[in-house]
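# Coordinate inspection notes
Chain residues, written in single-letter form:
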Amino acid sequence: DAKTTQPPSMDCAEGRAANLPCNHSTISGNEYVYWYRQIHSQGPQYIIHGLKNNETNEMASLIITEDRKSSTLILPHATLRDTAVYYCIPWGGYGQNFVFGPGTRLSVLP
Amino acid sequence: DTGVSQDPRHKITKRGQNVTFRCDPISEHNRLYWYRQTLGQGPEFLTYFQNEAQLEKSRLLSDRFSAERPKGSFSTLEIQRTEQGDSAMYLCASSLWGGREETQYFGPGTRLLVL
C-alpha cells in the first residue's frame, strides 16, 4: 500500500480557497487517489477521486502532479461547514483495502 | 434518504456483554465494509463482503468478533465478551464494485462504550 504524508493541520479563512496537499510518492501506476473528509462524530464523506487527470466536481477539485507523486485537493470557497479532517487515500482496487492515515485537520476560520 | 444506515447509533454496555450492530447498505451495492475508529485515529479496516461472501478479515478482527451478511443485503457485526478496549466508533461502508474502481459510502457509525 502506498504511504501518504499530509500536514497534520491547516487553517483557512472563510470564503478563501483551501488547498490541501498530499504526498504519495510510492503510489503505483494502477492506484487511484481518493479524498474523503470526516466532520466531527460523523462517518467519512466521499469528496473526489482521480487517476492521472485533474478532476472537478461540485465539492472540490483534485490536482494530481504529472509524476503522480503528490496531489492537492482544492475547496474553492471554504465555508465553516468545511471544517473537518481530510484524508488522502491511494487505492489500487481488487485485493487492496482503504488505509486511512491521520489526515489533515482543516479549520475554516470566520 | 438512500444512504448507508447503521443501528444503533450509540451503545453503552458492560464489560463481558455481547453486542450486535446492524448496517443497511445503499440498495444494489454489492460490497459492504466494516471499519473501527478510535479517538484521534483514522478508520481501520476490519472486514468486507462481496454479496454474501466474506472475502477478507483484518488481524484486528479477533475471535470475539463475527460479521455476517446472510442474504447479501444488510450486515451484522457482533462482539462477544466485550472489553473496554472495544470502545470505538464502528463504521460501515458500501460500494458498487464494477471491476476497476469503486467509491465507498459510509454510514454515520455506531459509537460503542464499554464500561
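Just above, that's the structure.
As a starting point, this report considers the structure included with it. (Residues numbered from 1 in each chain as written. Chains lettered and ligands numbered in written order. Predicted model: local features only at pLDDT ≥ 70, side-chain atom pairs only at ≥ 80, totals over all residues. Heavy atoms only, no water.)

## Observations regarding the sheet that holds strand β2 (residues 18-23) of chain A
Residue and element names in this part refer to chain A. A sheet is described by the order of its strands in space; here four strands give the open sequence β2-β7-β6-β5, paired in antiparallel fashion. Strand pairing shows two members of the sheet lacking a second neighbour, β2 and β5 (55-56), which therefore form its edges. Sheet analysis places β5 next to strand β6 (residues 61-64), joined by two bridges and oriented antiparallel. Counted as the bridge partner of Glu55 is Leu62 from β6. (Pairing = 2+ DSSP bridges. Helix = DSSP H or I, 4+ residues; strand = E, 2+ residues; numbered from the N terminus.)

## Focus: the state of the cysteines
Under the definition given, this model contains two disulfides over all chains. Linked covalently through their sulfurs, Cys22 of chain A and Cys88 of chain A form a disulfide whose S-S length is 2.1 Å. Given an S-S torsion of about -75°, the disulfide between Cys22 of chain A and Cys88 of chain A has left-handed geometry. Here the residue Cys22 of chain A occupies a position in strand β2, and Cys88 of chain A occupies one in strand β8 (residues 84-91), the gap between them amounting to 66 residues. Classification of Cys22 of chain A by relative accessible area gives buried; the value is 2%. One disulfide bridge connects Cys23 of chain B with Cys92 of chain B, the sulfur atoms lying 1.8 Å from each other. (Disulfide = S-S within 2.5 Å. Buried < 20%, exposed > 50% of the residue type's maximum accessible area, 1.4 Å probe, protein only.)

## Considerations on the layout of surface pockets
There is about 470 Å³ of room inside the largest pocket. Forming the boundary of the largest pocket are 23 residues, of which Gln38, His40 and Arg105 of chain A together with Gln37 and Gly40 of chain B lie nearest the centre. Listed by contribution, the elements that provide at least two residues to the lining of the largest pocket are β8 and β9 (104-109) of chain A together with β9 (88-95) of chain B. In the lining of the largest pocket, the residues fall into 10 nonpolar, 11 polar and two charged. Around the second largest pocket sit 17 residues that line it, and Gly43, Pro44 and Gln45 of chain A together with Phe106 and Gly107 of chain B are the ones nearest its centre. When the residues that make up the lining of the second largest pocket are grouped by side-chain class, the tally is eight nonpolar, seven polar and two charged. (1 Å grid on protein atoms, 1.4 Å probe; cavity = no way out; pocket = protein on both sides within 12 Å on 5 of 7 lines; lining within 4 Å. Points joined across faces, edges and corners; volume = space filled by probe spheres on them. Nonpolar A, V, L, I, M, F, W, Y, C, P; charged D, E, K, R; others polar.)

## Describing the interface of chain B and chain A
Taken together, the contact pairs 22 residues of chain B with 19 residues of chain A. Both faces considered, chain B and chain A share a buried interface measuring about 1700 Å² in area, 51% of it formed by carbon and sulfur atoms. Three residues, Pro43, Glu101 and Phe106 of chain B, lead the burial of chain B against chain A; their summed loss comes to 24% of the area buried on that side. Counting the contacts that link chain B with chain A gives zero salt bridges. Connecting chain B to chain A are four residue pairs in polar contact (both at pLDDT 80 or more). By residue number, the principal contributor to the side of chain B that touches chain A is strand β4 (residues 31-37) of chain B, which donates three residues. (Contact = heavy atoms within 4.5 Å. Buried area = accessible area lost by both parts, 1.4 Å probe. Salt bridge = Lys/Arg side-chain N within 4 Å of Asp/Glu carboxyl O. Polar contact = N/O pair within 3.5 Å; in protein donor to acceptor, adjacent residues only side chain to side chain.)

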